[in-house]
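Inside the fold
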Amino acid sequence: MAGQWQVFRRLGLGPFRTLVGEVARGPAMIRWLDNETNVKGRANENFARELFELFTLGRDQGYVEADVKEAARAFTGWTIRKDAFWFDHSKHDGGLKRVLGHEGRLDGEAVLDLAVAHEACARHVAAKLLACFVGPAAPPEAVAELAAVFRAADGDVARCLEVLLGSELFFDPAQRGTRIRGPVEWILWVLRTLGLRASPRALHRAAARMGQALLEPPDVAGWDEEEAWISSATWIHRQNFAARLASAEGRPELRPGLEDVVPGDDDGYAYLGPTLFPDGLGQGSARAVARLGEAGRGLPREQRLAGLCETLWMLPEAHRF
Amino acid sequence: MDLTRRAFLGRTGLSLAAVPGLGLLPGLDSLCVLPAAGTRCLVMLELAGGNDGLNTVIPFEDPAYHAARPVLRVREGQHALEDGVALHPRLGRLAELYKEGSLAVVEGVGYPSPNRSHFRSMDIWQSARPDQERPRKGWLGLAAAALAAAGARRPAMALGQAERPLCLEARRIVVPAIDSLADYELWSGGGEDGRGRLAEVRDLATARGEGDDAVARLLKATAREAAESAARIREATRSYRPAVEFPRTRTGRDLELAAKVLSASIGTRILHLRQGGYDTHAGQDRTHGNLLGEVGDALAALARDLRARKLWDDCLVLVFTEFGRRVAENRSRGTDHGAAGPVLALGGRVRGGLHGRRPALDDLDGEGDLRFTTDFRGIYACVLERWLGVEPTRILGGRFDGPDLLAAT
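Residues numbered from 1 in each chain as written. Chains lettered and ligands numbered in written order. Predicted model: local features only at pLDDT ≥ 70, side-chain atom pairs only at ≥ 80, totals over all residues. Heavy atoms only, no water.

Right, let's talk about the overall build of chain B for a bit. Helix and strand counts for chain B come out as 10 helices and 12 strands. Looking at the 409 residues of chain B, the share that counts as buried comes to 59%. Across chain B, every contact between residues at least 6 apart in sequence was considered, and the portion connecting residues at least 24 apart equals 75%. For chain B, the computed accessible surface area is about 15,600 Å², with 47% contributed by carbon and sulfur atoms. (Helix = DSSP H or I, 4+ residues; strand = E, 2+ residues; numbered from the N terminus. Buried < 20%, exposed > 50% of the residue type's maximum accessible area, 1.4 Å probe, protein only. Contact = heavy atoms within 4.5 Å. Areas by Shrake-Rupley, 256 points an atom, 1.4 Å probe, with all protein chains shown as cover.)

Now the structure itself:
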């Protein structure tokens, strides 16, 4: 999985077909989706199905069961030897196949070509980029537009991002705050906005309890996101993380300490407020912070800072972006 | 990351956690039928990945079964039930429950036009609405909302998991998810004073505000539910002592948590738990056996524990999966996604025995899969109406008939 993640980092911004090819030949994908046992004569459909459903076309978009079965035959012989991709000729079904409307002695690479070139793939990738960088409320027309950019750029993801990140939609205030921060996103926001650092091991454990154990997704589709991140259990884990990080108990792990990053000698809200919430706070949250400020008067600065940070990190506004 | 099922904010209209006693919520009051059914509990146990029904409830006298699975067929050690059918060798404890009359097996359960995608098929089982492209509500979420509207407090819970399953989703209620009871506690530094102060501030921050959109409402409602349920549930389950020794497995621990919640009598009527790992495309033999052994032993422990507390008669456990697997084995000593499969029901008031009609192994569908003979919604209708006392037609989007799984209630 670490190897797969390296592939994402290396090729994620390049041509989508290249990324798909590398991931498909990676040991993680082959092992996880049983392609080691996908052999001529008895094809194992697992990889072919998820290739279409999750990674290229989208569920039920442009393919039928017969395509899955035939595509599975094309990937026979794709296996691993010594933790690297190896093509076993003897296990490969080189016969005539029909996949996504095309006939021939199609092999795995040919099927990947067909899948990525399919119009549904452009839409699928565009939808994912919009969901990630804009949010779930992005209008459907945007998908079509971005899909067109994808096609025109031969699937170059960097080009798509360039257009997306420069678009009016991206800067539209109505689209702000529509995404919910996942565990890793939220933890990193907590740390990075104030320039804090903590032990990676502790952070990994914390994120896992919040439902996101990095490199260990629950299944091949990855994690359910947005509202699925928020449940009473994960909320308790986030709350406890914020409380421990802010308090003296969390201190040994936290570098630098809160007193070192928050200027001034008051409770620090004049600095923390705008830093953490450039878009401001809702009424309820603003009142809560004011109340905390009053109640904290007279307490040592360290305690006031801790109480304030714990509260700010757990405001509803802290969990969306 | 995909556009999620539960996305499209701005149209979901989630409100705060239901505080019962504020009056019946519109539209839901008509769903409640039998307030007297107030103590009966439902435990939904999800086998995730597609449990191989044919090796669970085995037609071991059918030569077609042995012919289709030269490697994977069960040859010995199976626990004969009756009528040519037996349970997998690792389900001995469930076979005992069958002999006692506490286990019902419905054969051939599925739905028309079976979908072989994990995600789509599980959505169908959890929403009971194959007509909905991307369902956002679950059949038990709607039932729980009806119970909440009629005054039930915290009627549903997801246990052993940090994410709520679709079957428990509905507007107007926030269903708590408890992954581990030991961790389900709010820690707050700063001493007694600090704790009180922060709790007050938290209340302020999560109070309903005018400008709140759906995301804000979800976040605030969850925060409130977490704070309230953390205290309440730990307190209520503190005095629990297990009457039996639950197996030290993941499913054993989860079902022990279920026993704790049920015996705490805090009004929770619907529980959902999940055991993963059933997607046995390769090397099925040992994996499947281990999974079944784990779940069978854990269920037997739950039955014994609840019976000792005199709660077994008020408990119904339903064991389901998103699809069965293909009749013929594949070349990887495993099986691929199929269609129909068995559903198990356990409980003190269950009408034990075999139900439904066994799908014929010589009359498979176009993909080589078993044809369903009982629509799963018929089972749901029975559970909703006769067990939970909730009107089923609106929830299921129609009338469905199913086997008579419950002794006279």
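After that view, the rundown keeps rolling.
Moving on: the interface of chain A and chain B. On the side of chain B, 62 residues touch chain A, which itself brings 64 residues to the contact. Summing both partners gives a buried area of about 5,700 Å² for chain A against chain B, and 57% of it is carried by carbon and sulfur. Taken as a group, A:Arg42, A:Arg59 and A:Glu227 account for 13% of the area that chain A buries against chain B, more than any other trio of residues on that side. On the surface where chain A and chain B come into contact, there are 6 salt bridges. Between B:Glu133 and A:Arg59 there is a salt bridge whose closest N-O contact spans 3.9 Å. On inspection of chain A and its partner chain B, the count reaches 16 residue pairs in polar contact (both at pLDDT 80 or more). Elements with a contribution of two residues or more to the side of chain A that touches chain B: helix 4 (46-56), helix 5 (65-74), helix 7 (119-133), helix 13 (232-246), helix 16 (283-295) and helix 17 (301-313) of chain A. At 10 residues, the largest contribution of residues to the side of chain A that touches chain B is made by helix 13 of chain A. The class makeup of the residues in the side of chain A that touches chain B is 21 nonpolar, 18 polar and 25 charged. (Buried area = accessible area lost by both parts, 1.4 Å probe. Salt bridge = Lys/Arg side-chain N within 4 Å of Asp/Glu carboxyl O. Polar contact = N/O pair within 3.5 Å; in protein donor to acceptor, adjacent residues only side chain to side chain. Nonpolar A, V, L, I, M, F, W, Y, C, P; charged D, E, K, R; others polar.)

Backbone geometry at A:Leu100 places phi at a positive 50 degrees, although glycine is not the residue there. Mapped onto the elements, A:Leu100 comes out in the loop between strand 3 (97-99) and strand 4 (102-104). Backbone geometry at B:Ser265 places phi at a positive 50 degrees, although glycine is not the residue there.

All names here are of chain B. As enumerated under the stated definition, the model contains 47 salt bridges over all chains in all. Arg-69 serves as the salt-bridge partner of Asp-52, at 2.7 Å between the closest nitrogen and oxygen. Taken together, the residues Asp-52 in the loop between strand 1 (41-47) and strand 2 (57-58) and Arg-69 in the loop between helix 1 (63-68) and strand 3 (79-82) connect sequence positions 17 residues apart. Residue class for Arg-69 comes out buried when judged on its relative accessible area of 0%. Asp-254 is paired through a salt bridge with Arg-250; the nearest N and O atoms lie 3.5 Å apart. You can see Asp-254 and its partner Arg-250 sitting in helix 7 (residues 250-263), 4 residues apart, about one turn around the helix.

Here we come to the packing of helix 4 (residues 139-149) of chain B against helix 9 (residues 376-388) of chain B. All names here are of chain B. Between helix 4 and helix 9, whose axes approach to 12 Å, the crossing angle comes to 15 degrees. Between helix 4 and helix 9, the angle falls in the class roughly parallel. As helix 4 packs across helix 9, the resulting crossing turns out to be right-handed. Contacts from Trp-139, Leu-140, Ala-143 and Leu-147 in helix 4 reach Tyr-380, Val-383, Leu-384 and Leu-388 in helix 9. Considering only residue class, the contact of helix 4 with helix 9 consists of 8 nonpolar, no polar and no charged. (Axes fitted to C-alpha atoms, helices over the stretch in contact; angles between N-to-C directions. Parallel < 35°, antiparallel > 145°, perpendicular 65-115°, else oblique. Left-handed = near helix turned anticlockwise from the far one by under 90°.)

On to the layout of surface pockets, then. Reported here for the second largest pocket is a volume of approximately 820 Å³. If you trace the second largest pocket, you find 33 residues lining it, with A:Arg176, A:Gly177, A:Asp279, A:Glu317 and A:Arg320 closest to the centre. Elements with a contribution of two residues or more to the lining of the second largest pocket: helix 7, helix 15 (269-276) and helix 16 of chain A together with helix 6 (214-237) of chain B. By residue number, the principal contributor to the lining of the second largest pocket is helix 16 of chain A, which donates 3 residues. (1 Å grid on protein atoms, 1.4 Å probe; cavity = no way out; pocket = protein on both sides within 12 Å on 5 of 7 lines; lining within 4 Å. Points joined across faces, edges and corners; volume = space filled by probe spheres on them.)

Time to look at the confidence of the model for chain B. Residues and elements named next belong to chain B. Residues with a pLDDT of 70 or more make up 89% of chain B, whose mean pLDDT is 88. Under a pLDDT of 50 for its full length, residues 1-30 has, in the predicted model, 80 contacts with residues more than four places off or in other chains. In the predicted complex, the global pTM is 0.83; the interface-specific ipTM is 0.90. (pLDDT = per-residue confidence, 0-100.)

Another point: a nonpolar patch on the surface. A cluster of nonpolar side chains, namely A:Met1, A:Trp5, A:Phe8, A:Trp32, A:Leu214 and A:Leu215, defines an oily patch on the protein surface of about 540 Å² accessible area. Structurally, the position occupied by A:Met1 is in the segment before helix 1 (2-11). (Patch = residues over 30% accessible without salt bridge, like charges linked within 9 Å, V, L, I, M, F, W, Y side chains within 5 Å.)

What follows covers the nonpolar core. Counting residues in hydrophobic clusters, the biggest one holds 152 residues, and the most contacted among them are A:Trp186, A:Trp313, B:Trp139 and B:Leu346. Listed in part, the 53 residues of the second largest apolar core include A:Val7, A:Cys121, A:Ala127 and A:Val134. (Core = buried A, V, L, I, M, F, W, Y, C linked by side-chain atoms within 4.5 Å.)

The next thing to look at is the packing of aromatic side chains. Using the criterion set out here, one finds 13 aromatic pairs over all chains in the structure. Taking the centre distance of 5.9 Å and the plane angle of 65 degrees together, the rings of A:Phe16 and A:Phe150 count as edge-to-face. Residue A:Phe16 is found in helix 2 (residues 16-24), and its partner A:Phe150 is found in helix 8 (residues 140-152); the two are separated by 134 residues along the sequence. Taken individually, A:Phe16 and A:Phe150 each receive the classification buried, so the pair is uniform in this respect. Here a set of aromatic residues connected by ring pairs shows up, and it is made of B:Tyr111, B:Trp125, B:Trp139, B:Phe320, B:Phe376 and B:Tyr380. If you follow A:Arg244 out to its NZ or CZ, it ends over the ring of B:Trp187, 4.7 Å from the centre. Cation over ring: B:Arg40 sits above B:Trp387, and NZ or CZ is 5.0 Å from the ring centre. (Phe/Tyr/Trp six-rings, centres within 6.5 Å; stacked < 30°, edge-to-face > 60°. Lys NZ or Arg CZ within 6 Å of the ring centre and 35° of its normal.)

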